[in-house]
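The chain contents come next:
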Amino acid sequence: MTDTKKLTVQTVPDLEHPLRSFEQPILYLEEPVGSGKTGLVVSKIASTPTESHIFVAPTKELGREVKERLEKANVQNVHHLFSQGGMESVAKRTKNLINGRAPKESQVLILTGKNFRTILEDLSPILASNYHVYLDEGMDAVEFAELKAENIGQYTSLLTTNEEGLLLPALGEKDVLRNVATRPDLVSKEGKDNLLTKPFIQIAALVTCGLYDVRATITDRTIRAVALLKPEKFQNFRSVTMVSALWSQSILAMVWEQRYGVTIKPLPHDYALFDTHRAKGPGMEIFYCLHPDDNASSENLKRDAVTGLKGGNVPIERQVITEIASAVGKFFDQRGLDYCWSANDRYKDRAGALNAKRMPVVSAGLNTWQELDNVAALACMNPPCGSKGFCWAFWG
């Protein structure tokens, strides 16, 4: 059996000594939600018609909206690339556009974070240098994966760690892991279906794509991995701007700056953004519906609202999430307040407790709800508590 102790990270790197130094600064635009950040980016793109740009959106809906706004501003050669049945893959269509771009041709490519990550893996520095990139909350900075198995050695034999404690493919096993991540059909043909568990496919993708630094703790029954997006590939672009409220205080910004030596700077502009704090005041009221000691987990929301017990097949009408929705609906109805609400996909509000429009859990940048001052956020979006602690232990 593989000696798993060799794979277990034992020390936390010293963040006061960056591993590398990067010359090109990462720009950021971090004004409050609803201030017009996406509009600023559209204006920036429209004002540089001879330049090429990549806009990375968190959703297809925002990508479609940005395309419409760019075309209204008379921006030419705008391509909104997303999955469509019967067509070539988004990655292939995007690569064809990038490779086929004429020397002085300008183009705007609009992608989701997932598709941008796919092309980022093998985009050459020369081609990347033609593009300004704007990531409008469009790419996950931290990924988590946890695998539990009785025979963990069949997985750990394909992995190793280097002197920095980073999780990597074991010698000669990179192709196997790449096939696990991208060609499960080939893995099945070789009779290795045991490797095709969802958590291990995720781990294999993280350690082979070249975009993340992956760390892990491994026991005789578990592999728990946390991956942080690396800055190397972003240094190849003409410029990179992160568009997200409070981005400079995010885990990614702090680790890039402290650990990798990346310089981060605010995007210079003279665009008139909407000052949310001046217009509506700097404060807000936040009401919570769970017990203060509860974690906002799916398991807690599915508890029996009468007994408080977890587990079992609790009817939806007796689950905590249903009681919360009822309380939220009464709260706003009694006060005559307009609001919107969001929840995980499995919750359908079949009882009609919420007399308001439903907002997607991922709604970044969309203007549909900008006139509303009240929102009921009923979704579980946090990573597992163990994963959060794991992340902080490694990166501080």
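Residues numbered from 1 in each chain as written. Predicted model: local features only at pLDDT ≥ 70, side-chain atom pairs only at ≥ 80, totals over all residues. Heavy atoms only, no water.

A. Molecular detail of the overall build of the protein. On a plain count of helices and strands, the protein comes out with 14 helices and 15 strands. Taking all 396 residues of the protein together, 42% fall into the buried category. Taking as baseline every contact in the protein between residues at least 6 positions apart, the subset at least 24 positions apart corresponds to 70%. Here the protein displays about 21,300 Å² of accessible surface, and carbon together with sulfur accounts for 50% of that area. (Helix = DSSP H or I, 4+ residues; strand = E, 2+ residues; numbered from the N terminus. Buried < 20%, exposed > 50% of the residue type's maximum accessible area, 1.4 Å probe, protein only. Contact = heavy atoms within 4.5 Å. Areas by Shrake-Rupley, 256 points an atom, 1.4 Å probe, with all protein chains shown as cover.)

B. Seen up close, unusual backbone geometry. The backbone of N74 sits at a positive phi, close to 65°, despite the residue not being glycine. As for its position among the elements, N74 is in the loop between helix 2 (60-72) and strand 3 (78-80).

C. Representation of the sheet that holds strand 15 (residues 375-377) in the model. Pairing is parallel in the open sheet, where 3 strands are placed in the order 14-13-15. Edge strands, defined here as strands with exactly one partner in the open sheet, are strand 14 (357-358) and strand 15. (Pairing = 2+ DSSP bridges.)

D. Region of interest: the pattern of salt bridges. Across all of its chains, the model carries 11 salt bridges by this definition. Put simply, R224 and E146 hold a salt bridge, and the shortest N to O gap is 3.2 Å. One end of the pair, R224, is in strand 10 (residues 222-229); the other, E146, is in strand 6 (residues 142-148), and 78 residues separate them in sequence. (Salt bridge = Lys/Arg side-chain N within 4 Å of Asp/Glu carboxyl O.)

E. Structural detail: the packing of helix 7 (residues 174-182) against helix 9 (residues 198-208). Between helix 7 and helix 9, whose axes approach to 8 Å, the crossing angle comes to 125°. Relative to helix 9, helix 7 is oriented oblique. Remark: the crossing between helix 7 and helix 9 carries left-handed chirality. Along the contact surface, helix 7 presents K174, L177, R178, V180 and A181, while helix 9 presents F200, I201, A204, A205, V207 and T208. (Axes fitted to C-alpha atoms, helices over the stretch in contact; angles between N-to-C directions. Parallel < 35°, antiparallel > 145°, perpendicular 65-115°, else oblique. Left-handed = near helix turned anticlockwise from the far one by under 90°.)

F. Spatial organisation of the sheet that holds strand 10. Taking strand neighbours across the sheet as the criterion, the 3 strands line up as 6-10-9 in an open arrangement whose pairing is antiparallel. The strands lining the two open edges of the sheet, one partner per strand, are strand 6 and strand 9 (212-218). Geometrically, the sheet is characterised by an average inter-axis angle of 15° between neighbouring strands, direction not taken into account. Each of strand 6, strand 9 and strand 10 touches helix 9; the most contacted strand, strand 6, lies at about 135° to it. Set on the sheet, helix 10 (residues 251-259) makes contact with strand 6, strand 9 and strand 10; between it and strand 10 the angle comes to about 80°.

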